[in-house]
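# Descriptive structure summary
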Amino acid sequence: MDCYACQEEERFAALPPRENIVSDEHWRVVHAFDSALRGWLVLLPRRHVTSVAGLTDREAATLGTWQVRLSRALREETGCQKTYVMQFAEKDGFAHVHFHVVPRLADLPAEHRGPAVFHYARRPLSEQLSEVDRDEVALALRAALARRPVAADRPHPPGGRRMS
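Predicted, not measured: the structure shown is a model, and the values here were computed from it. Counting restarts for each chain, with residues numbered from 1 along the sequence as it is written. In keeping with the model being predicted, local features are shown solely for residues with a pLDDT of at least 70 and side-chain atom pairs are shown and tallied solely at 80 or more, while totals for entire chains, interfaces and linings include all residues. For the side-chain quantities, the full set of heavy atoms in the structure was used; hydrogens and water were omitted.

## Examining helix 3 (residues 131-147)
Condition: Strands are runs of DSSP state E lasting at least two residues, helices are runs of H or I lasting at least four, and both sets are numbered from the N terminus onward. What a helix should span is 1.5 Å times the count of its residues minus one. Per-residue accessibility, obtained with a 1.4 Å probe over protein chains only, is compared with the maximum for each type, and a residue is labelled buried under 20%, exposed over 50%, and partly exposed between these values. Any two residues whose heavy atoms approach within 4.5 Å are treated as being in contact.
Across its 17 residues, helix 3 extends 24 Å between first and last C-alpha, which sits within 8% of the 24 Å expected from 1.5 Å per residue. For helix 3, the full list of buried residues reads Arg-134, Asp-135, Val-137, Ala-138, Leu-141, Ala-144 and Leu-145. For helix 3, the secondary structure elements touched by its buried residues are strand 1 (22-23), strand 2 (27-31), strand 3 (41-45) and helix 2 (57-78).

Structure, rendered in structure tokens:
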């Protein structure tokens, strides 16, 4: 099989923290392996799918929740101002649908903001975060996510304020 995500899923029980920060029956969260940016996460379906349109209704129903939870955990752990969420799945061996959830730090140079944040991906080995660093980030994010479990939302009235 030439799908990196599926190869890693086959060894699910033995994955290090950086390859399984957190997961549920549909999704697994990993730290990008070739990034020079601390906290560059990848959200992967647990089964092979190559198009967003191919997601099941149950996978799709939890996708947004995962993206928001990961963004909040990244804000807590990195102090980022916002996160970028991107999906392309075009590179050979990486056609498996995956979503990049990337912290946009306050000091990120303007020339590397927006789509130019990919400057930090596919970096030379000497610039990439080490496995130890990625495991450290993974464990911190795992703890942050555990502190804020998914809870049922209460309805929001018009104007955005929560009802008591």
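Resuming the write-up.
## Some details on the environment of Trp-40
We apply this condition: Two N or O atoms form a polar contact when they lie within 3.5 Å of each other; inside protein one atom must be a possible hydrogen donor and the other a possible acceptor, and for residues adjacent in sequence the pair counts only when both atoms belong to side chains.
Positionally, Trp-40 belongs in the loop between strand 2 and strand 3. Residues Trp-40 and Pro-103, 63 residues apart in the sequence, show an inter-C-alpha distance of 6.6 Å. There is a polar contact of 2.8 Å between the side chain of Trp-40 and the side chain of His-100.

## Overview of the confidence of the model for the chain
Our working definition: Values of pLDDT, ranging from 0 to 100, describe the predictor's confidence in every residue of the model.
Averaged over all residues, the pLDDT of the chain equals 88, while 90% of them reach at least 70. In this model, residues 153-164 is a region of pLDDT below 50 whose contacts with residues beyond four sequence positions or in other chains number 10 contacts.

## Brief notes about the pairing of strand 5 (residues 99-104)
The test is simple: Pairing between strands requires that DSSP locate at least two bridges from one strand to the other.
For strand 5, a buried count of 6 out of 6 residues is recorded, marking the element as mostly surrounded by other parts of the structure. Judged by which residues are buried, strand 5 turns out to be covered on both faces: Phe-99, Val-101 and Pro-103 on one side and His-100, Val-102 and Arg-104 on the other are all buried. Across 3 bridges, strand 3 lies against strand 5 in antiparallel orientation. When the sheet's bridge partners are listed, Val-42 is paired in strand 5 with His-100. Here 6 bridges tie strand 4 (residues 82-87) to strand 5, and the two strands are oriented antiparallel to one another. Paired with Thr-83 across the two strands is Pro-103, which belongs to strand 5.

## Some words on helix 2
With 22 residues, helix 2 extends 32 Å between its outermost C-alpha atoms, agreeing within 8% with the 32 Å of an ideal straight helix rising 1.5 Å per residue. Within helix 2, the full set of buried residues consists of Glu-59, Leu-63, Trp-66, Gln-67, Arg-69, Leu-70, Ser-71, Ala-73 and Leu-74. Looking at the buried residues of helix 2, the elements they touch are strand 1, strand 2, strand 3, strand 4, strand 5 and helix 3. With its phi angle positive at about 75°, Gly-79 sits one or two positions after the end of helix 2.

## Observations regarding unusual backbone geometry
Phi is positive for Arg-122, close to 55°, though the residue is something other than glycine. With respect to the helices and strands, the residue Arg-122 is situated in the loop between strand 5 and helix 3.

## Focus: the sheet that holds strand 4
The cut-off we apply is this: Simply put, an axis is a line fit to the C-alpha atoms, just over the touching stretch for a helix, and the angle between two N-to-C directions goes from 0 to 180 degrees.
Read across the sheet, 5 strands follow the order 1-2-3-5-4 without closing on themselves; strand pairing throughout is antiparallel. The open sheet is flanked by strand 1 and strand 4, the only strands paired with a single partner. Together, strand 1, strand 2, strand 3, strand 4 and strand 5 form the strand contacts of helix 2, whose direction differs from that of strand 5 by roughly 25°.

## Structural notes on the nonpolar core
Put simply, the rule reads: What makes a nonpolar core is a set of buried Ala, Val, Leu, Ile, Met, Phe, Trp, Tyr and Cys residues whose side-chain atoms join them at distances within 4.5 Å.
Of all hydrophobic cores here, the largest spans 21 residues; its most connected members are Trp-27, Val-29, Leu-41, Leu-43, Leu-70 and Leu-141. Residue contacts for Val-29: discarding those within four places in its chain leaves Glu-19, Asn-20, Ile-21, Val-22, Leu-41, Val-42, Leu-43, Trp-66 and Leu-70. In this structure, Ala-32, Met-86, Val-117 and Ala-121 belong to the second largest nonpolar core, which totals 17 residues.

## Structural notes on the packing of helix 2 against helix 3
Let me state the cut-off plainly: Crossing chirality is assigned from the near helix's rotation relative to the far helix, an anticlockwise turn below a right angle marking it left-handed and a clockwise turn marking it right-handed. Gly falls in the polar group here, along with every residue not listed as nonpolar (Ala, Val, Leu, Ile, Met, Phe, Trp, Tyr, Cys, Pro) or charged (Asp, Glu, Lys, Arg).
Packing of helix 2 against helix 3 leaves a shortest axis separation of 9 Å and a crossing angle of 115°. In this structure, helix 2 crosses over helix 3, and the sense of that crossing is right-handed. Facing Arg-69, Leu-70, Ala-73, Leu-74, Glu-76 and Glu-77 of helix 2, the residues of helix 3 in contact are Ala-140, Leu-141, Ala-144, Leu-145 and Arg-147. The residue inventory of the contact of helix 2 with helix 3, partitioned by class, reads 7 nonpolar, no polar and 4 charged.

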